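Spelled out from the first residue to the last, the chains are:
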Amino acid sequence: GNMVEWCLPQDIDLEGVEFKSMASGSHKIQSDFIYFRKGLCFGLACFANMPVESELERGARMKSVGILSPSYTLLYRYMHFLENQVRHQLEMPGHYSHLEAFYDDKKGVLPDSKGTDSSRQPVHWLPSIHRYMYPEMKITHPAGCMSQFIKFFGEQILVLWKFALLRKRILIFSPPPVGVVCYRVYCCCCLANVSLPGLGGTVPESKPFFYVNVADIEMLETEVSYVACTTEKIFEEKRDLYDVYVDNQNVKTHHEHLQPLLKINNADKEKYRRLNDQRQMLMYSQEVGEDCSSCEEDLFILFFMEQNNRIFQTLMEVSASQDKTLTADHARGMGLDPQGDRSFLMDLLEVYGIDVMLVIDNPCCT
């Protein structure tokens, strides 16, 4: 099995990290990177695989070099260093001086897992998310992880958007390499951003767990909301661990009451059309040199944040009104389909504890 060969500080609890930092099935690929979660910290590890003439190592030497940080938004900066170091460790095993110097230069105080840090709003979910997160994500993924996400899922992102907003447990399966799939986890969480004050104090945080494997099963059993990815097909059978299972571009759920959310309705198609129109306009403005400061990543996050804000603003206004009645006109005003999004709206009211009465009738035969 995997083992931790070296670490600093030496007294840190790294139980299970040897499996988080090297995705199951990685022996079939040459290199990869992997984001993961360890307690309150996030990790980034770079993996490499080198053929060697050694019976003891069965013809291949595989290593991952990784770091832990309280915030995943900072990890991107060290990707290049980690890629160099894992190559260095493969070629010159046991030489840790560069890693020691790196640790001495960067070390900080990690939050105490038993302390008050866990009750604080995590820094990566502040409303200003789009202002400081994108340049970092773009550097690690030059093609732009958001545009890849949109191209990969197409209209299905509207299905994922609803599940993310409902804080469902979303598990994304893909064979290695897993680095690009970790970005899909991140993009999925970004779909649920809301910047309205005072909303959802009791709602579970949508947690990006990034890569998980069978060693994480016990931890996942206790989670009420998360987004994660895995390379292990066995998870598909463990239905009690997830609400939504994404296999390639196929989004599915075994919960009968969530089945209606899998269907793309007219309002979803209209939202997707608007998103693509905005992307086309952005590309055109960049081509003619009018706007070089905006990027597709900003556009993507703001598109969904404004959509979410509009929904919750309307719901809070209706709940503060005298009759607390939510009508088909309200639904259309929120950019939703009065009929197609009925079950989504009902779930939304329940999850966020919003006190309004839904009077959108089911369609009857004519």
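All values derive from a computational prediction rather than experimental measurement.

Focus: the overall build of the protein
Then, number 1: Each helix and strand in the protein was counted, giving 13 helices and ten strands.
Then, number 2: Looking at the 366 residues of the protein, the share that counts as buried comes to 51%.
Then, number 3: Summarising the internal contacts of the protein: among those between residues at least 6 apart in sequence, 64% fall at separations of at least 24.
Then, number 4: In the structure as shown, the protein presents an accessible area of about 18200 Å², 51% of it carried by carbon and sulfur atoms.

Concerning the confidence of the model for the protein
Then, number 1: Looking at the protein as a whole, the pLDDT averages 85, with 84% of positions reaching at least 70.
Then, number 2: Across the protein, the element-wise mean pLDDT spans from 40 in helix α4 (residues 129-132) up to 98 in strand β7 (residues 244-247).
Then, number 3: For the stretch residues 113-143, pLDDT sits under 50, and the model shows 56 contacts to residues farther than four places along the chain or on other chains.

Things to note about the pairing of strand β4 (residues 169-173)
Then, number 1: Taking burial as the measure, the five residues of β4 include five buried ones, the bulk of the element.
Then, number 2: Burial of the side chains of β4 extends over both faces: Arg169, Leu171 and Phe173 are buried on one face and Ile170 and Ile172 on the other.
Then, number 3: Of the strand pairs in this sheet, β4 and β7 are connected by four bridges, and their pairing is parallel. Bridge pairing in β7 places Phe173 opposite Asp247.

Quick look at the packing of aromatic side chains
Then, number 1: Applying the stated rule across the entire model yields 21 aromatic pairs.
Then, number 2: Residues Phe33 and Tyr183 carry aromatic rings whose centres are separated by 5.6 Å and whose planes lie at 55° to one another, so their mutual orientation is tilted. Remark: Tyr183 occurs in helix α8 (residues 179-190) and Phe33 occurs in strand β1 (residues 31-38); sequence separation between them is 150 residues. Side by side, Phe33 and Tyr183 carry an identical accessibility label, which is buried.
Then, number 3: Put simply, the rings of Phe149, Phe152, Phe153, Trp161, Phe300, Phe303, Phe304 and Phe344 touch in pairs and so form one group of aromatic residues.
Then, number 4: Taking the ring centre of Phe152 as reference, the NZ or CZ of Arg184 above it sits at 3.7 Å.

Digging into the nonpolar core
Then, number 1: Judged by nonpolar contacts, the single largest core of 92 residues is most densely connected at Ile157 and Leu315.
Then, number 2: Shared between two domains, this core takes at least three residues from each, and those domains are domain 1 (17-101) and domain 2 (136-316).
Then, number 3: Those residues in contact with Ile157 that sit more than four places away from it in its chain are Phe149, Ile150, Leu191, Tyr272, Leu275, Phe300 and Phe304.
Then, number 4: The next biggest cluster of nonpolar side chains, apart from the first, holds twelve residues, and it includes Leu171, Phe173, Ala228 and Tyr245.

Points about helix α13 (residues 342-352)
Then, number 1: Buried residues of α13: Phe344, Leu345, Asp347, Leu348, Leu349 and Tyr352, and no others.
Then, number 2: On its buried face, α13 sits against α7 (156-165), α11 (296-320), β9 (325-326), α12 (328-333) and β10 (357-358).

Focus: the side chain of Gln89
Then, number 1: As for its position among the elements, Gln89 is in helix α2 (residues 79-91).
Then, number 2: If near-sequence neighbours (up to four positions away) are discounted, Gln89 is found in contact with Glu5, Lys63, Val65, Gly94, His95, Tyr96 and Leu99.

Some words on the packing of α7 against helix α10 (residues 266-287)
Then, number 1: The N-to-C vectors of α7 and α10 enclose an angle of 110°; their axes lie 9 Å apart at closest approach. When the axis of α7 is compared with that of α10, the two are roughly perpendicular. In this structure, α7 crosses over α10, and the sense of that crossing is right-handed. On the side of α7, the interface is formed by Ile157, Leu158, Trp161 and Lys162, while α10 contributes Asp268, Lys271, Tyr272 and Leu275.
Then, number 2: Here the residues of the contact of α7 with α10 sort into five nonpolar, no polar and three charged.

Observations concerning the packing of helix α6 (residues 145-153) against α11
Then, number 1: For the pair α6 and α11, the least separation of the axes is 8 Å and the interaxial angle reads 60°. Note on element contacts: α11 touches α6 through Glu296, Glu297 and Phe300, opposite Cys145, Met146, Ser147, Phe149 and Ile150.
Then, number 2: For the contact of α6 with α11, a count of residues per class yields five nonpolar, one polar and two charged.

Some details on the environment of Ile157
Then, number 1: Relative to the assigned elements, Ile157 resides in helix α7.
Then, number 2: A C-alpha to C-alpha distance of 8.6 Å links Ile157 and Leu191, two positions 34 residues apart in sequence.

Description of α2
Then, number 1: Here α2 is 13 residues long and its end C-alpha atoms lie 19 Å apart, about the 18 Å a rise of 1.5 Å per residue gives.
Then, number 2: Where α2 is concerned, the buried positions are Met79, Leu82, Gln85, Val86, His88, Gln89 and Leu90.

Examining the state of the cysteines
Then, number 1: Per the counting criterion, the structure on display carries zero disulfides.
Then, number 2: Cys188 takes part in no disulfide bond, and the closest cysteine sulfur to it belongs to Cys189, at a distance of 6.7 Å.
Then, number 3: Under the relative-accessibility criterion, Cys188 is labelled buried at 0%.
Then, number 4: Take Cys190: it sits in no disulfide, and the sulfur closest to it among the cysteines is that of Cys187, at 6.2 Å.
Then, number 5: Using a relative accessible area of 2% as the deciding quantity, one classes Cys190 as buried.

Things to note about unusual backbone geometry
Then, number 1: That bond from Leu8 to Pro9 is cis: its omega, -10°, falls within 30 degrees of zero.
Then, number 2: As for its placement among the helices and strands, Pro9 is situated in the segment before α1 (17-20).
Then, number 3: The backbone of Phe210 shows a phi angle near 55°, a positive value even though the residue is not glycine.
Then, number 4: Following the sequence through the fold, Phe210 ends up in strand β5 (residues 208-211).

Criteria and thresholds
Think of each chain on its own: its residues are numbered from 1, step by step along the sequence as written. It should be noted that, the model being predicted, local features are given only for residues of pLDDT at least 70 and side-chain atom pairs only at 80 or more, the latter also being counted only at that level, while totals for whole chains, interfaces and linings use all residues. Neither water nor hydrogens contribute to the side-chain values; these are computed over all heavy atoms in the structure. Strands are runs of DSSP state E lasting at least two residues, helices are runs of H or I lasting at least four, and both sets are numbered from the N terminus onward. Note on exposure labels: buried denotes an accessible area under 20% of the residue type's maximum, exposed denotes more than 50%, and partly exposed covers the range between, all computed with a 1.4 Å probe on protein chains only. Contact definition: two residues touch when any of their heavy atoms are within 4.5 Å. Each accessible area is a Shrake-Rupley result for a 1.4 Å probe, and residues are judged covered by the shown protein chains and nothing else. What pLDDT expresses is the predictor's confidence in each residue, scored from 0 to 100. A pair of strands counts as paired when DSSP detects no fewer than two bridges linking them. Pairs were defined over the aromatic rings of Phe, Tyr and Trp, the Trp ring being its six-membered one, requiring ring centres within 6.5 Å. Orientation was assigned from the angle between planes: stacked under 30 degrees, edge-to-face over 60, tilted for the rest. Criterion for a charge above a ring: Lys NZ or Arg CZ within 6 Å of the ring centre, and within 35 degrees of the ring normal. For our purposes a nonpolar core is just a set of buried Ala, Val, Leu, Ile, Met, Phe, Trp, Tyr and Cys residues, chained together by side-chain atoms within 4.5 Å. By convention here, the domain bounds are inherited from an automatic or database domain assignment. For helices, the fitted axis covers only the stretch in contact; all axes are lines through C-alpha atoms, and the angles between them, taken along N-to-C directions, range from 0 to 180 degrees. Our angle categories are set so that under 35 degrees counts as roughly parallel, over 145 as roughly antiparallel, 65 to 115 as roughly perpendicular, and the remainder as oblique. Crossing chirality is assigned from the near helix's rotation relative to the far helix, an anticlockwise turn below a right angle marking it left-handed and a clockwise turn marking it right-handed. Residue polarity follows a fixed list, in which Ala, Val, Leu, Ile, Met, Phe, Trp, Tyr, Cys and Pro are nonpolar, Asp, Glu, Lys and Arg are charged, and the others, Gly among them, are polar. One less than the residue count of a helix, multiplied by 1.5 Å, gives the span that helix is expected to have. The criterion for a disulfide is a pair of cysteine sulfur atoms lying within 2.5 Å.

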